[in-house]
Amino acid sequence: MNTALSTRPPEDDRRPGELTFRELLRWIWRQITSMRTALILLLLLALAAIPGSVIPQQGVDSLKTSNWQDDHPKLTPIYERLGLFSVYDSAWFSAIYILLMISLVGCIVPRTLHYWRGLRARPPKAPRNLTRLPDHAAYTTPEPPEAVLERARSTLRRRRYRMEADGDAISAERGYLREAGNLVFHLSVVVVLVGFAMGGLFGYKGGVILLVGDDYGFSNTPDQYDEFNPGSLFSADRMEPFSFSIDDFSVDWLTTGRRAGMARGFASHLDYQETLDGPEQSYDLRVNHPLSIGSTDVFLIGHGYAPVITIRDGDGDIVKSGPTIFLPTSQSFQSIGVVAAPDAEPTQVGLEGEFYPTVAFSQQTGSYYSLLGKPLDPMVSMLVYTGDLGMDDGVPQSVYSLDKSRTTMLTKKDGTPYRIDLREGETVKLPDGLGTVSFERLERWNKIQISQTPGKWIALAGVVLALVGLLGSLFIRPRRVWVRARRDGDGTLVEVAALDRSGGGDVAAVVDELVEALQREDQS
Amino acid sequence: MTDAAWESLSNQAVAAAGLLYFLALLAHLIEWASLRKMPVASGSSARASVDVPGGVAVATGPDGADDVAGEQRARRTAMFGRLGYLVTWLAVAVHLVGLVGRGMAADPNRVPWGNMYEFTLAGTFVVAALYVALYRRLRLAWMAPIVLAFVLSVLMVAVIWLYSPVAPLTEALDSYWLVIHVVSAIVATGAFTLGGITSALYLVKARSLAKHGPRQSGYVARLPQPEALDRVSYRLHAFGFPVWTFAVLITGPIWAHQAWSSYWNWDPKEVWAFITWVVYAAYLHARTTAGWKGRNAAILALVGVATLWFNFIGINYFSSTSQHSYAGSAPAIHVAPER
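Residues numbered from 1 in each chain as written. Chains lettered and ligands numbered in written order. Predicted model: local features only at pLDDT ≥ 70, side-chain atom pairs only at ≥ 80, totals over all residues. Heavy atoms only, no water.

A.B. asks: Summarise the overall build of chain A; cite the residues concerned and give the values.
C.D. replies: The helix and strand tally for chain A stands at 11 helices and 24 strands. Here chain A has a C-alpha radius of gyration of 37 Å; the compact-globule value for 524 residues is 24 Å, and the former is much larger. Structurally, chain A occupies a C-alpha span of about 125 × 70 × 55 Å along its principal axes. Residues counted as buried form 47% of the 524 residues belonging to chain A. Taking the contacts inside chain A whose residues are at least 6 apart along the sequence as the reference set, 61% of them involve residues at least 24 apart. Total accessible area computed for chain A in this model is approximately 26,500 Å², and 55% of it derives from carbon and sulfur atoms. Charge centroids of chain A, computed over 54 positive and 64 negative side chains, lie 14 Å from each other. (Helix = DSSP H or I, 4+ residues; strand = E, 2+ residues; numbered from the N terminus. Rg over C-alpha atoms; globule rule 2.2 N^0.38 Å. Buried < 20%, exposed > 50% of the residue type's maximum accessible area, 1.4 Å probe, protein only. Contact = heavy atoms within 4.5 Å. Areas by Shrake-Rupley, 256 points an atom, 1.4 Å probe, with all protein chains shown as cover. Lys, Arg positive; Asp, Glu negative; His and termini not counted. Charge placed at Lys NZ, Arg CZ, Asp CG, Glu CD.)

Quick look at the structure:
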């Protein structure tokens, strides 16, 4: 590999092995573009991808990642420094694949030029001694050599060999397209990477939890998203100006069979406008059936319940009303949520607890649970906190949990937590003149994912092209075949030899088959 | 037929297929045990030893006094070999019945790979079917005991630990991509598994040759020459790799884009599928790189098959973040509660 080191004789007063800057660069380039380096980089890439499948990734599941970080306070700073929470954007992972790409381009470009020049090359001359080749055969025949060679020519032409007469021998070669396939495959890898990078840099992905009903709507601007992950070169000007609302949402609950209780056939009936003043259209958004608006795709990826809970404070004023989104934590849609009333008098009131679509009581655990995701008997069960909910100091906090550090939990006289259990339509009066809480009715929400992935067609075209190239490079067999016929006593000695240049083929079979073809026509 | 009847037919067919695989394995074990007593033809070339083991023995029967006894034994050995192959055919057919029954038992009817049990059932079927289909073309007689032992044990694992009754598909799986994506993944898995077995035997054979030189009897002595094993292994991998590319890098992303809004999510299953792809790409490169040919390439093939099966079974059990975890009960439609 490092021919630059050895082939050049040491000039003037340099010590042997000492390199000029240019030689050093050339040596580095040779090293990077060598096959061995490419192989090691490939293995490194495989190895480097592993941590990302073991450690939760920020970009994949940020909730799981923050939970993991809370559980491992000692490891977290170390991991963070190593970029282990976002392995696939980390410097070291990028370094590997960028080096691999450099190596690939450095290997492919010279090979393409070489291939281009060699495309019209004639098959090489027949070696003097064909029987020295590992795969060869010989036989004698009474026919004159010219007849044998003529037959060999037509046989090889039928097998689409490129031929060259060479005295008493024929040189033939085929399978030139294998290298083309190989080059196409490697170049397509670069195309895929370009498409992938475009998606990552210019695209975005966002999610929004939207309540079902015509009263609630969504229009496509960054501030309307609950979570918004733009690429680093993303610009909001490219966002399509569509808007939609969820007119209706339907679910089929399996009531019989082994998966009874499972929800299927989710469908969100969207009313949408592609532009601000465009016509209103409708679409049934389902899992596996996204809605495409321009270059943006809209997906249904989740659903849940939003009980409408109203809090009246000690003065009888409504301090909190409207639907509250509860997040499902189980298959039966047992959900958690928080209702906060920071404006309540005489003190702020916060409720935290669970929602059960079809409530049941377990004697074993002594607590409620949800029997079914279908809302047959919905109930909320919550604990009450009073004091300072910490919502006025401007520190952002999750709307799904309460900051309980400066609050007290209401308890009963015997010291057990004071719990309010409300079925739909019920109202409960809080003690100490704090007010009342009512569970008015139930609404639903859908989690909608929206993404714009520029370059996805480039990436797809790249992989398809890569596959085509791959098929060519694996299944086209480049072969050289030589047939020599010369007078030998009364008859003709025919020698056949073949060479497989891909290293995968069974050349012996090729020789056998060719000899058989030559001899078969012998008799005809 | 009712769904319940189909389901019990499927269960019985799988049990019957297991039994048939076992019988075929027995037949081949008898064949190979009997072959131990016969010397491998001396000076057999690489090409001759690729032949059916019984065939070699017949062609090179020992000369001398015990000619008749030797010939009789050779005939019996060859018969057990043929019997084993025939029973394997039968087992594959019954295995197919089990698979089809599984699909017919679901309401609505569907492709039979909606959960781990069904994936494993389909995966082992492809391994066995590819083996019988390529038996003559690649002259795989020497592989018989190992393939059968593999298929039988994985099938047992499926029936004992992975079994789950027929149930309707979860929503995210309900797509025609389930057919295309999973079929190609399973077919590639079958080819890679056979390739991995061949590569393992390549290592065994090469080591035995290096340590003891050509031996006169025993299983290893009757394996084809390392070059022939390497070529068979390459052919299997060369078939599997494009299919795997199609499954993992084309249909997978297309489906992921439809179901999860992003064509590549770095989900653990995707990551491991990618790792497998990279390892097999390295294998194909290694076969043409000086210093990596032969032994190192074969080791890479084994690493590849290990990542493949870890992904196929392991990820479903060890990773809780994977959206591909179909082990256990079906996941609720994915919800990402974050803000």
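A.B. asks: Run through unusual backbone geometry, naming residues and quoting values.
C.D. replies: Cis geometry marks the peptide bond from E345(A) to P346(A), where omega comes out at 0°. Tracing the sequence through the fold places P346(A) in the loop between β14 (335-341) and β15 (349-356). Even without being a glycine, N288(A) presents a positive backbone phi close to 75°. Relative to the helices and strands, N288(A) is located in the loop between β9 (280-285) and β10 (291-293). Classification of N288(A) as buried rests on a relative accessible area of 4%. Unlike most non-glycine residues, S261(B) shows phi in positive territory, near 80°.

A.B. asks: An account of the confidence of the model for chain B is requested, with residue identities and associated values reported.
C.D. replies: Residue and element names in this part refer to chain B. Confidence along chain B averages 82 in pLDDT terms, with 85% of residues attaining 70 or more. Below a pLDDT of 50 lies the segment residues 42-65, which in the model reaches 31 contacts outside its immediate sequence neighbourhood of four places, other chains included. For this predicted complex, the interface confidence reaches an ipTM of 0.83, while the overall pTM sits at 0.84. (pLDDT = per-residue confidence, 0-100.)

A.B. asks: Tell me about the packing of aromatic side chains, and please be specific about residues and values.
C.D. replies: For the coordinates displayed, the defined rule picks out 38 aromatic pairs over all chains. Aromatic pair W32(B) and Y219(B): ring centres 4.7 Å apart, planes at 75°, arrangement edge-to-face. Within this pair, whereas W32(B) is found in helix α1 (residues 3-36), its partner Y219(B) is found in helix α7 (residues 219-222), the two being separated by 187 residues in sequence. Between W264(B) and F274(B), the aromatic rings sit 6.4 Å apart at their centres with planes inclined by 75°, giving edge-to-face as the arrangement. Highlighted residues: W264(B) in the loop between α8 (226-260) and α9 (268-286) and F274(B) in helix α9, separated in sequence by 10 residues. Residue classification places F274(B) among the buried positions, given a relative accessible area of 16%. Through pairs of rings, three or more aromatic residues link up here, namely Y204(A), F218(A), Y225(A), F228(A), F234(A), F242(A) and F244(A). Between the NZ or CZ atom of R162(A) and the centre of the ring of Y176(A), over which it lies, the distance is 3.8 Å. The ring of Y161(A) carries the charged tip of R174(A) above its face, separated from the ring centre by 5.7 Å. (Phe/Tyr/Trp six-rings, centres within 6.5 Å; stacked < 30°, edge-to-face > 60°. Lys NZ or Arg CZ within 6 Å of the ring centre and 35° of its normal.)

A.B. asks: For the nonpolar core, give the residues involved together with the corresponding values.
C.D. replies: By size, the foremost hydrophobic cluster in this structure holds 127 residues, and its most contacted members are Y21(B), Y131(B), W142(B), M143(B) and W244(B). Of all the elements, α8(B) adds the most residues to this core, at 16 residues. (Core = buried A, V, L, I, M, F, W, Y, C linked by side-chain atoms within 4.5 Å.)

A.B. asks: Explain helix α4 (residues 116-134) of chain B to me, using residue names and the numbers behind them.
C.D. replies: Residue and element names in this part refer to chain B. With 19 residues, α4 should cover 27 Å at 1.5 Å per step; its first-to-last C-alpha distance of 27 Å lies within 8% of that length. Burial analysis of α4 places 17 of its 19 residues in the buried class, the great majority of the element. The opening residue of α4 is N115, an N-cap whose side-chain oxygen sits 3.2 Å from the backbone nitrogen of Y117. (Expected span 1.5 Å × (residues − 1). Polar contact = N/O pair within 3.5 Å; in protein donor to acceptor, adjacent residues only side chain to side chain.)

A.B. asks: Could you give an account of the interface of chain B and chain A, naming the residues involved and the relevant values?
C.D. replies: With 66 residues of chain B at the contact, the number on the chain A side is 68 residues. Between chain B and chain A the total buried area reaches about 6,200 Å² when both faces are included, carbon and sulfur atoms providing 64% of it. Only α8 and α9 of chain B provide two or more residues apiece to the side of chain B that touches chain A. When residues in the side of chain B that touches chain A are grouped by element, the largest group, 16 residues, is from α8(B). Looking at the side of chain B that touches chain A residue by residue, the classes come out as 42 nonpolar, 15 polar and nine charged. (Buried area = accessible area lost by both parts, 1.4 Å probe. Nonpolar A, V, L, I, M, F, W, Y, C, P; charged D, E, K, R; others polar.)

A.B. asks: Outline the environment of A121(A), listing residues and values.
C.D. replies: With respect to the helices and strands, A121(A) occurs in the loop between α7 (91-118) and β1 (136-141). If sequence neighbours within four positions are ignored, A121(A) has contacts with R162(A) and Y176(A).

A.B. asks: Summarise helix α3 (residues 35-49) of chain A; cite the residues concerned and give the values.
C.D. replies: Taking 1.5 Å as the rise per residue, α3(A) with 15 residues should run 21 Å; its terminal C-alpha atoms sit 21 Å apart, in good agreement. Those residues of α3(A) that fall on the buried side of the exposure criterion are A38(A), L39(A), L41(A), L42(A), L45(A), A46(A), A48(A) and A49(A). Its buried side turned inward, α3(A) meets α4 (51-54) and α7 of chain A together with α9 of chain B.

A.B. asks: Requested: an account of the sheet that holds strand β8 (residues 263-273) of chain A, with residues and values cited.
C.D. replies: The strand order β5-β7-β8-β9 (chain A) describes an open sheet built from four strands, whose pairing is antiparallel. Among the strands making up the open sheet, the edge pair consists of β5 (218-219) and β9 of chain A. (Pairing = 2+ DSSP bridges.)

A.B. asks: I'd like a description of the side chain of R479(A), backed by residues and values.
C.D. replies: Here R479(A) lies in strand β23 (residues 479-488). When sequence neighbours within four positions are dropped, the list of residues in contact with R479(A) reads Y161(A), A172(A), E173(A), R174(A), L499(A), D500(A) and V510(A).

A.B. asks: Help me get a handle on the pairing of β14(A), residues and values and all.
C.D. replies: Residues and elements named next belong to chain A. Within β14, six of the seven residues are buried, which leaves it mostly tucked inside the rest of the structure. Pairing geometry for strand β13 (residues 327-328) and β14, over two bridges, is antiparallel. Looking at the pairing, P328 lines up with S335 of β14. Between β13 and β14, which pair antiparallel in sequence order, lie six residues; one of them, F333, sits at a positive phi of approximately 60°. Sheet topology note: the β14/β15 ladder contains seven bridges and is antiparallel. Its bridge partner lying in β15, G337 is registered against G353.

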